[in-house]
Amino acid sequence: MDLNFCFVKGEGLKFNNELISSFEPRVVNSVRIVDEKGKERFLYTVEVFNTNGESQGEKTFSRLDKINWVQDFGVFDPYLKSPKILETKLILESRNKQIESKKYVLQPGFHLVEEHPVVIIADHVIVPKDFPSSIVVESSSEAELKVGTDETTLTENVKKYIMFEPQMSVLLFFGAMYGIIKPILRGMGVNCDMLIALVAPSGHLKTTLVRLYALLLDGIEEQEISFMDTVRSDCLINKIKNLAGSNLLIDDYHKNSSSYVNKKFDERLNIATRAISSSEDSAGVIITAEALKESRNILFSSHDRIFKIQMPLQNEEKLLDMKKRINSLPNNDFLGNVVLTFIQKLVDNYTEVEKEVREHMKKELPQWINQSTRTGNQFRILTLVERLFMKYFQGEDEKVDQLFSSSLEKSIKKQTDELCKRRNIEYETNAFELIYMLIEQGSQCKELSIKYVEKLYNESSDDNALVTNEMLIITGAAMQNYMIKKVHHPVSVKKIIDKLDEAGVLVKDLDKRTKKYKGRRHYFIKISVLKAICDSGTEDI
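Now for a quick tour of the structure. (Residues numbered from 1 in each chain as written. Predicted model: local features only at pLDDT ≥ 70, side-chain atom pairs only at ≥ 80, totals over all residues. Heavy atoms only, no water.)

### Brief notes about the nonpolar core
- Counting 102 residues, the largest nonpolar core has Phe-173, Phe-174, Leu-292, Ile-343, Leu-388 and Phe-389 as its most contacted members.
- Sort the elements by how many residues they give to this core and helix H4 (residues 166–187) lands first, with 13 residues.
- Apart from residues lying up to four places away in sequence, Phe-389 is in contact with Val-158, Phe-173, Phe-174, Met-177, Val-338, Phe-342 and Gln-394.
- Membership of the second largest hydrophobic core comes to 31 residues, among which are Ala-431, Tyr-436, Ala-465 and Ile-496. (Core = buried A, V, L, I, M, F, W, Y, C linked by side-chain atoms within 4.5 Å. Buried < 20%, exposed > 50% of the residue type's maximum accessible area, 1.4 Å probe, protein only. Helix = DSSP H or I, 4+ residues; strand = E, 2+ residues; numbered from the N terminus. Contact = heavy atoms within 4.5 Å.)

As C-alpha cells, this is what we get:
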C-alpha cells in the first residue's frame, strides 16, 4: 500500500496532501531486546517535531499503538485527524528502519551472546574488548557489587588477605574466587559441584571472615542466610541460582539439643548440595560450621561435595589478637575492583583461558589423592582457580604458590580420611535397612532370588535366600553378593555380621554365628528383631 506522508514547515504533517496534524512523530531508533529465555521484544524511540520543525523531545515505547500524545509529549492538537493514521506511519517506519541495536537483559552468570563470552556479576556486565557496539547487554539483577575507589594497591591488599592466617586464609581466599568464576568454569564444561565449609569452634570469627573474603555485594541480606532461618527449600534453591557469580553464606551449622533442629540443619545442607549440582549457573556456597563429621543425617554425597577449611584452634588471647588484625585489614570493597579486573582479563583472553582449563582438567592427579572421592575434582578446581588468578591478575608469586599447595594437600588428606571413615560407618549402619529391604521386597528383589518354600530353595547357589515366617536364612556368600549389587562397591560381611550379632538379630549355634542347614552353614536372621531396629531408627547399632 502506497502511503504518502509529508511534513510542511509552518503547517504540519500531511497525508495525501491533506493536513492531519500540526506535529510530526518519527521513529528515530529501534532496539531488539532478548531475555535469558531467548524471548524477543522491541523498544522504539519516538521523537516529536512541532509545526516549526523543532524537536519536542523523544521517548521510548514498547508499543506504538499505545502513545498518548498529550500525556507523553505535551502535544495538544484539536485538529488532529485520525490518530490511527499516525500509528500506521510509525509502524511502517519501524518496519522499514534497520534495527540499530540489540539489547540483551540477562541474569547474573556466564552467557555466550552471539558467540561472545559475557559475564554478569550483580549489576556489572563484563564483555570482551572486541564486543560489537551494536549489541547492548544489561543485568536483570538489582543487586550491587561493592567497588572501591583506590585501584593502586589491589595486588598489595590481595596479598594481605591471603597471608592473614596463612594456612586458612589462602584457601578461603581462593575458595571465594572459585564462587566468582564458577559460572565461567561451568560454561567450559567443568563439574562445579563443590561447597566450601569454614569449620571451627564457636567464637572463632568464622562468619566475620566469610563476610570479609567472600560477600562482595552491597548489603548482606541477599547473600547470607542462617541454618536457623525458616527458609523454604525452593526459596533456598532460587537464591543459590540467582546469586551466580557471587557467593552465598549459609551460616552457623552447629549441633543442637533438639534432634528435630539437627535434622532440619542437615536437610538444608543436603538441599544446598543438590542445588549446586543441578543448576547450570549457581552461587558459590560457603557454610560456617562448628563441626560436620558428627552428623549422621548429612548424606555421604553431601559430605563428599564439601571442601572443608579447618581453622586452627585458638585460645582467648589469640582470638583477641585475630580480631584486632581483622580490623586492620583493608575494607573488602577493593575486592570488587579485583573481581572486575580479573574477570575482564579472563573474558578478553577467553579462547586461551578455555584451552588452559581443558588441559588442566585432564592432568593426572597426585598419587596421594583418593580417586574414590570427589576430593580429586576439588583439587583440580582449586588449583585451577589459583593458577588463573595468579596468571591473569596477581602475578607470579612463589611464596603464595607454595603456601597454597601445602595447605591444600594437608586439607584434602585430612578430609579424605574423614570421608573414608564416614563411608564405612554408613555402609555398616545402612546394612540393617538393606537386609530388611531384601525381606520386604521379597519376590520383587532384583539382586537376589527370594524363596518362600523350602523345596524351592537351592542351598548350593549363592543367588537365592529363604524367607520363613520368622527367619531370613542366607549364606555369607549370598549376603555379600546382594550387598555388593546394592551399594556398588566391596563390602565386609564380617563387619555386618558383627553388628547383627551385637544387636541380637542372629540365631546361632553355641560355637558359631551360623547354623547348619541342608548341609551348609547359613545365617539365621530374626525378622521381627531386625524390623524393630529399623523402625526405631537407631543410629548407633
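Alright, that's what it looks like, and here's the rest.
### A short note on the side chain of Gln-223
- Here Gln-223 lies in the loop between helix H5 (206–214) and strand E13 (224–226).
- Of the polar contacts made by the side chain of Gln-223, one reaches the backbone nitrogen of Leu-216; its length is 3.4 Å.
- If we ignore the near neighbours within four places in the chain, the residues touching Gln-223 are Leu-215, Leu-216, Leu-217, Leu-243, Asn-247, Leu-248 and Leu-249. (Polar contact = N/O pair within 3.5 Å; in protein donor to acceptor, adjacent residues only side chain to side chain.)

### So, the sheet that holds E13
- If you trace the five strands from one edge of the open sheet to the other, you get E13-E14-E15-E12-E16, paired in parallel fashion. Each of the sheet's edge strands pairs with one partner strand only, and the pair in question is E13 and strand E16 (306–310). Each strand of the sheet is rotated relative to its neighbour by a mean of 20°, with strand direction disregarded.
- H5 contacts strand E12 (195–199), E13, strand E14 (247–253) and strand E15 (284–289) of the sheet and is inclined by roughly 160° relative to E15.
- Where helix H6 (residues 233–242) meets the sheet, it contacts E13, E14 and E15, and its direction lies at approximately 140° from that of E14. (Pairing = 2+ DSSP bridges. Axes fitted to C-alpha atoms, helices over the stretch in contact; angles between N-to-C directions.)

### Quick look at the packing of aromatic side chains
- Scanning the entire structure with this criterion turns up 20 aromatic pairs.
- Measuring from centroid to centroid gives 5.1 Å for Phe-342 and Phe-389, while their planes differ by 75°, and the two rings are edge-to-face. Linking Phe-342 in helix H10 (residues 334–348) with Phe-389 in helix H12 (residues 375–394), this pair joins segments that are 47 residues apart in sequence.
- A relative accessible area of 0% means that Phe-342 is categorised as buried.
- The class of Phe-389 is buried, set by a relative accessible area of 0%.
- Ring plane angle 80° and centroid distance 6.1 Å describe the contact between Tyr-517 and Phe-524, whose orientation is recorded as edge-to-face. Of the two residues, Tyr-517 and Phe-524, both sit in the buried class.
- Members of the aromatic cluster, joined through ring pairs, are Phe-173, Phe-174, Phe-342, Phe-389, Phe-393 and Phe-404.
- Between the NZ or CZ atom of Arg-26 and the centre of the ring of Phe-49, over which it lies, the distance is 3.9 Å.
- Of note, Arg-325 hangs over the ring of Phe-164, and the distance from its end group to the ring centre comes to 4.6 Å. (Phe/Tyr/Trp six-rings, centres within 6.5 Å; stacked < 30°, edge-to-face > 60°. Lys NZ or Arg CZ within 6 Å of the ring centre and 35° of its normal.)

On their own, these measurements won't tell you what the molecule is for.
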